[in-house]
Amino acid sequence: MDARGLRALVVLVVVGCLLVPMPASAVVAADGDAGSQQQVLQQTDDEGLQFDDADEIHIDVEIHENGSATFSVDYRFPINTENESIEEWELLQDDIESNPQEYVDREAEGWNEVLSDGENATDREMEISNFTVSTDESPAPRDLAHVKYEFEWSSFAHVELNRIEAGDALSGFTLVDDTTLQLFWPDTYSAYEIDPDSDDRGDGSVFWDGGDTEFADDQPRVVLIEDTESTGEPTESEEGPAMPWLAVLGALGALALAGVAGWWLRYGRESDHGSDDPTEPSESTASPNQAGPPAELLSNEERVLRLVEDRGGRIKQQEVVAELDWTEAKTSQVVGGLREDGEIEVFRIGRENVLALPDEDIDEE
């Protein structure tokens, strides 16, 4: 074969190689380990186990006394060693362990949308933090694979004295089929209101199943009251720092003393010299409620204490609201300060708060 024929043969061989398709396995082998890993990731995204394949989703919420909550979201996948499900699960598990932040960011994005709706509905500042993801398997009662997310939600519940209201942060949250929601609360609290109601209630929790429950706009809602046997002080909410009650009461006390002195200078001397009006009542005929300086010269705390004393050392908190024409929030704030200073004691009869002087015997009815 001459030189021209040899060159023609070489050209034919090269063209033939270009036209013959190369197997995918050859490409992976040529790229080495990085190419193989990329192919596995692509299978996981396009063909492997997806979060939509989860058989059940369980959401557990542990409510704390300060209003924060710990969330645990458990995606459960059925697996069977006799079919492809175990292989698909292993691909997903390997991908999560190799890229945990990617999965955390994806899940956190959805929950931050729920949080944003909760802030708009409650007017409370909230934050999600400490987001983690983990995988696990459990053999009983059936073979299941688990992808678990956990995170902290600040100001999830509203705290006021010995009362916790939870659920409003989940405004607009939809509980779909095959999804459950279970709320847990501290042992020292009892549930006085649960909406919507559920037959599946434990000593310290309530459980809703998405297949049987559909939340309305103002649901879910749980109202918790601290048990009367608990002697601990009420936990402060995360919504703001506690007021320096001692300093406030000291300033109010000084103002009250100044008011009393002014009242005495104006009215006390006239009483010492007597009155020319025979119809003017004397100090001995004044009613108990009128003894001492006028109410407008008293601090809020002194007005509450005077009202409790006038009622024999015990009064319902709602009566204080009605008598002083205050809002419930203002009344709770003043009562909370008096309770922290040991000026009064607060206990419950039924669903009502009752205020009593410390030296009064508290007998629950």
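That block above? That's the structure.
Residues numbered from 1 in each chain as written. Predicted model: local features only at pLDDT ≥ 70, side-chain atom pairs only at ≥ 80, totals over all residues. Heavy atoms only, no water.

Brief notes about the environment of F347
Thinking step 1. Mapped onto the secondary structure, F347 falls in strand β12 (residues 345-349).
Thinking step 2. On the basis of relative accessibility, which here comes to 7%, the residue F347 falls in the buried class.
Thinking step 3. Along the chain, F347 and K316 lie 31 residues apart, while their C-alpha atoms are 9.7 Å from each other. (Helix = DSSP H or I, 4+ residues; strand = E, 2+ residues; numbered from the N terminus. Buried < 20%, exposed > 50% of the residue type's maximum accessible area, 1.4 Å probe, protein only.)

Topic: the pairing of strand β6 (residues 163-166)
Thinking step 1. Going residue by residue along β6, you find I164 and A166 tucked away on one face and R163 and E165 left uncovered on the opposite face.
Thinking step 2. Bridge count for strand β5 (residues 158-160) against β6 is three bridges, and the pairing is antiparallel. The residue bridging V159 from the neighbouring strand is I164, located in β6.
Thinking step 3. Between the antiparallel neighbours β5 and β6 lie two residues, among them L161 with a positive phi of about 55°.
Thinking step 4. Bridge count between β6 and strand β10 (residues 221-226): four bridges; the pairing is antiparallel. Looking at β10, one finds that E165 is bridged to V223. (Pairing = 2+ DSSP bridges.)

Some points on the nonpolar core
Nonpolar side chains tend toward joint burial in soluble globular proteins.
Thinking step 1. By size, the foremost hydrophobic cluster in this structure holds 49 residues, and its most contacted members are F71, W111, W153 and F156.
Thinking step 2. With six residues, helix α5 (residues 100-122) is the largest single contributor of residues to this core.
Thinking step 3. When near neighbours in sequence (up to four residues on either side) are disregarded, F156 contacts V61, I63, G67, S68, A69, F71, R124, A166, G167, D168, A169 and L170.
Thinking step 4. In this structure, V304, I315, V335 and I344 belong to the second largest nonpolar core, which totals 15 residues. (Core = buried A, V, L, I, M, F, W, Y, C linked by side-chain atoms within 4.5 Å. Contact = heavy atoms within 4.5 Å.)

Here we look at the sheet that holds β5
Thinking step 1. Spatial strand order, β5-β6-β10-β8: four strands in an open sheet with antiparallel pairing. In this open sheet, the two edge strands, each paired with only one partner strand, are β5 and β8 (189-195). Each adjacent strand pair in this sheet contributes to an overall mean axis angle of 15°, direction not counted.
Thinking step 2. In this sheet, β10 lies alongside β8 in antiparallel orientation, the contact comprising six bridges. Each bridged residue has a counterpart across the sheet, and for A191 the counterpart in β10 is L224. (Axes fitted to C-alpha atoms, helices over the stretch in contact; angles between N-to-C directions.)

Considerations on the pairing of strand β7 (residues 179-184)
Each regular strand shows side chains that alternate between the opposite faces of the sheet.
Thinking step 1. Along β7, five of the six residues are buried, which leaves the element largely enclosed by surrounding structure.
Thinking step 2. Pairing of strand β1 (residues 56-63) with β7 involves six bridges; the strand directions are parallel. Looking at the pairing, V61 lines up with L183 of β7.
Thinking step 3. The sheet contact formed by β7 and strand β9 (residues 205-209) spans five bridges and is antiparallel. When the bridges of β9 are listed, T180 appears paired with D209.

Details of the packing of aromatic side chains
Thinking step 1. All told, the structure shown has 12 aromatic pairs when counted by the stated rule.
Thinking step 2. Arranged with centres 5.4 Å apart and planes meeting at 65°, the rings of F71 and W111 form a pair that is edge-to-face. Of this pair, F71 sits in strand β2 (residues 69-78) while W111 sits in helix α5; the two residues are 40 residues apart in sequence, bridging distant segments of the chain.
Thinking step 3. Aromatic rings pair up to connect F71, Y75, W111, F131, Y149, F151, W153, F156 and F173 into one cluster.
Thinking step 4. It is R106 that lies over the ring of Y103; its NZ or CZ is 4.9 Å from the centre. (Phe/Tyr/Trp six-rings, centres within 6.5 Å; stacked < 30°, edge-to-face > 60°. Lys NZ or Arg CZ within 6 Å of the ring centre and 35° of its normal.)

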